[in-house]
Amino acid sequence: MLRDDDATPNALQKALLEYDPTTLETALIEWTKEHWPMAARAMVYNRAEADKTVEGVSGIRSDDARLALEVAARVAISERELLCRGIAAVLPEWLETTYGLRPRGSAE
């Protein structure tokens, strides 16, 4: 089967399919990959918050379904914490490198 059109992506296709991450995104991804055990440990410690998060959910018909929801909440909470720590670790250096911004009172 032959194509009638040129196979080169147009501007919309490039925007949707050829995503080029920024240096900040790349740094965050690398940091979180490097520190993923932190999120795994946090799943153990986030049990109380996950239980509290899902306690008001209605329509759960079995203990297995509630357990699955609690585990999903623990994963989400752990990912949130890992991302917050990643931003705190990466953003200051990125702001300084990209824009020359430093926190007040830091040595110049």
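Residues numbered from 1 in each chain as written. Predicted model: local features only at pLDDT ≥ 70, side-chain atom pairs only at ≥ 80, totals over all residues. Heavy atoms only, no water.

**Q** It is not clear to me how the packing of aromatic side chains should be interpreted in this structure. Could you clarify?
**A** In this description, a pair of aromatic rings is defined by centroid distance and the angle of the planes. This structure, assessed with the given rule, holds 1 aromatic pair. When the centroid spacing of 5.7 Å and the interplanar angle of 80 degrees are considered together, the rings of W94 and Y99 count as edge-to-face. (Phe/Tyr/Trp six-rings, centres within 6.5 Å; stacked < 30°, edge-to-face > 60°.)

**Q** So what exactly am I meant to see when it comes to the packing of helix α2 (residues 23-34) against helix α3 (residues 36-45) here?
**A** For any two helices packed against each other, one specifies the crossing angle of their axes together with the interaxial distance. Running from N to C, α2 and α3 point in directions that differ by 60 degrees, and their axes come no closer than 4 Å. Judged on the interaxial angle alone, α3 and α2 are oblique. Along its contact with α2, which presents W31, T32, K33 and E34, the element α3 presents W36, P37 and M38. Classifying every residue of the contact of α2 with α3 by side-chain character gives 4 nonpolar, 1 polar and 2 charged. (Axes fitted to C-alpha atoms, helices over the stretch in contact; angles between N-to-C directions. Helix = DSSP H or I, 4+ residues; strand = E, 2+ residues; numbered from the N terminus. Parallel < 35°, antiparallel > 145°, perpendicular 65-115°, else oblique. Contact = heavy atoms within 4.5 Å. Nonpolar A, V, L, I, M, F, W, Y, C, P; charged D, E, K, R; others polar.)

Worth remembering: the numbers are spatial, not functional.
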